[in-house]
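# Residue-level structural notes
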Amino acid sequence: MGRIKPSLVVASALCLFLSLAVNAEDPYLFYTWTVTYGTISPLGIPQQGILINNQFPGPKINSTSNNNIVINVFNHLDEPLLFTWHGIQQRKNSWQDGTLGTMCPILPGTNFTYHFQVKDQIGSYFYFPTTSLHRAAGGIGSLVIHSRDLIPVPFDSPADDFSVLLGDWFLKGDKGSKRVLDGGRSLGRPDGIQINGMSGKVGEHGEALATMEPGKTYRYRFCNVGMKTSVNVRFQGHSMKLVEIEGSHTIQNVYDSLDIHVGQCASVLVTADNVPKDYYLVVSTRFLKNPLQAVRIIKYTNGHEPASSVLPMVPFDLTENDIAWSINQFRTFRWNLTASAARPNPQGSYHYGGINITKTIKFVNSRSHVNGKLRYAINGISHVDTETPLKLAEYYGVHDKVFEYNVINSNESEIKIAANVVNATFRNYIEIIFENREKTIQGYHLDGYSFFAVAIEAGKWSAEKRVNYNMLDAISRHTIQVYPGSWAAVMLTMDNAGMWNMRSTMGEKMYLGQQLYFSVLSPEHSLRDEYNLPETSIRCGVVKGLPNPPPYSV
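Residues numbered from 1 in each chain as written. Predicted model: local features only at pLDDT ≥ 70, side-chain atom pairs only at ≥ 80, totals over all residues. Heavy atoms only, no water.

So, about the pairing of strand β26 (residues 429–436). Most of β26 sits inside the fold, with eight of its eight residues counted as buried. Residue alternation in β26 divides its side chains into two sets, Y429, E431, I433 and E435 and I430, I432, F434 and N436, and both sets are buried. Of the strand pairs in this sheet, strand β21 (residues 359–370) and β26 are connected by seven bridges, and their pairing is parallel. Within the sheet, the bridge partner assigned to K359 lies in β26 and is I430. Pairing between β26 and strand β31 (residues 486–493): eight bridges, direction antiparallel. Bridge pairing links I432 to V490 in β31. (Buried < 20%, exposed > 50% of the residue type's maximum accessible area, 1.4 Å probe, protein only. Helix = DSSP H or I, 4+ residues; strand = E, 2+ residues; numbered from the N terminus. Pairing = 2+ DSSP bridges.)

Now for the sheet that holds strand β1 (residues 28–40). Backbone hydrogen bonds hold the strands of a sheet together, and the pairing may be parallel or antiparallel. The four strands lie next to each other as β2-β1-β4-β6, forming an open sheet whose pairing is mixed. Where the open sheet ends on each side, the last strands, each with one partner, are β2 (47–52) and β6 (111–117). Each neighbouring strand pair of the sheet contributes to a mean axis angle of 20 degrees, computed without reference to strand direction. Pairing geometry for strand β4 (residues 68–75) and β6, over seven bridges, is antiparallel. Residue pairing across strands places V73 opposite F112, the latter belonging to β6. (Axes fitted to C-alpha atoms, helices over the stretch in contact; angles between N-to-C directions.)

Here the structure, examined in full by the defined rule, presents 19 salt bridges. A salt bridge links R427 to D529, with the nearest nitrogen and oxygen atoms 3.3 Å apart. Taken together, the residues R427 in the loop between β25 (421–425) and β26 and D529 in the segment after β33 (515–521) connect sequence positions 102 residues apart. Judged by relative accessible area, R427 falls into the exposed class, the value being 55%. Several salt bridges share partner residues, and in doing so they unite K362, E435 and R437 into one network. (Salt bridge = Lys/Arg side-chain N within 4 Å of Asp/Glu carboxyl O.)

Right, let's get into helix α3 (residues 324–332). In an α-helix, one turn spans 3.6 residues, which is why side chains three or four residues apart end up on the same side. All of the buried residues along α3 are S326, I327, Q329 and F330. Along the long axis of α3, the arc covered by the buried residues comes to 160 degrees, so they all point the same way. Elements in contact with the buried residues of α3: β16 (254–255), β17 (258–260), β28 (451–458), β29 (476–477) and β30 (479–482). (Arc of directions from axis to C-beta. Contact = heavy atoms within 4.5 Å.)

Among all positions of helix α2 (residues 173–182), only G173, D174, G176, S177, V180 and L181 are buried. Along its buried surface, α2 packs onto β1, β2 and α5 (507–511). Phi turns positive, to about 100 degrees, at G184, one or two residues after α2.

What follows is about the state of the cysteines. Between two cysteines, a covalent bond joining their sulfur atoms is known as a disulfide. In this structure the tally under the stated criterion is two disulfides. The residue that forms a disulfide with C104 is C540, at a sulfur-sulfur distance of 2.0 Å. With the S-S bond torsion at -90 degrees, the cross-link from C104 to C540 turns out left-handed. Here C540 lies in the segment after β33 and C104 lies in the loop between β5 (83–86) and β6, a separation of 436 residues in the sequence. The pair C104 / C540 is uniform in exposure class, with both members buried. Disulfide pairing places C223 opposite C265 at an S-S distance of 2.0 Å. Because the sign of the S-S torsion sets the handedness, a value of about 115 degrees for the bond joining C223 and C265 places this disulfide among the right-handed ones. With C223 in strand β12 (residues 217–224) and C265 in strand β18 (residues 265–271), this pair connects stretches of sequence that are 42 residues apart. (Disulfide = S-S within 2.5 Å.)

See the structure below:
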């Protein structure tokens, strides 16, 4: 990494192109991003936001399974910057994961090129900045992975494909939100909801979110990219057929409304089968006192009548106390066992329910004040980022100067601030229990993996609860919500070597320590299990200037 020099960028890109042409690898997609501050108005009020190539939301990454993605990021902000690729597994390659535990940040006025492969994945994802509270100001965009032509999709090709990034929004922006949290307080109630960078009201004649032709069917990819609030989405006058959640084809149930929790994505098919006119897409907050709502217009090509002011009712109480309806909806989400995945074999060919569990880990989230300031924790440890990324310290053999393994406790009520790294045994099949004893909803995401979300129930977990697990067709996904006073159970094989971030999906809680890292080391030190540190990686902290360790062998 160094100061931005256009001539070097062109030369590097040319060398990379020639190298790839010779090697004849899977197809490559090249992007150049210039990240700047600029004026945005998600709630109709001008404020400073983070733009990528002068866009908010940022450019859509439109890829196909097995594509290689190369993104040259130029940081023109006044703070260090990193992007993470939320839900992209990056097999053997946590070096490109874009978290402060795995990478040195891109300093202001410099650039860095990400290179990763969307291998054996399909579906709807997004990217966002992990540094500071940048995600509260923008820098967020859609990442779509289409199925290869030879892999059948369990529905006809839609007439068009719309990515919809939505979620709560705070007018404080990143710097204002950071000051609030650093000052020891919570962000409080959001100011509104944005839908693809805008927020509409009933009766306004704003820009249409999408346009449909009568009789045709369209795919809408919804992702909740907000900071802390679950939302419910529904179309005026149209039902939704669910077809995909976070990279898995689902049983195609029909819904009038869907709950989408922070960090989660879902794809639906909508057919333009109503009277040709305008309709509203309605987004409402969930589990929030005094709910917020926003709308965007969906147009018919031959329609001239404005949308009705009568919005579709939701079949539940939008108060903070109603979780039963949402839990029941979660239970209707099922894996389509006969659909192909990103590979020719069906999704259901992997019988996760027949694998013996090697280890059970229970994580309990908590909040408290440390030295008068609000902190969030997992099992009593509130994570703090270190100057030297954890993965680099481990790779260079100097982790004892940076962090300790397994400082996590069973569930201490008193919070301790430390770098939180948990050792995981390579290829072990584990069960993770998330238990939420707080009064607000929680959500978790694990980088580098998908897991089987086998159960969510109210109350506390015990081994006897396993009889209620879905051991046949639970969806393979990368996020899970945990309702207040409830628990959730997931299962996965720790077969992706690297240092992987498990975090609260809530931006506020993640920033204030509710995250940890799984260190998954292959005993073979083989390139079959993990790539070597790329030569282009940024070195910082105690490893800067150190000689590189011996590379992994084949």
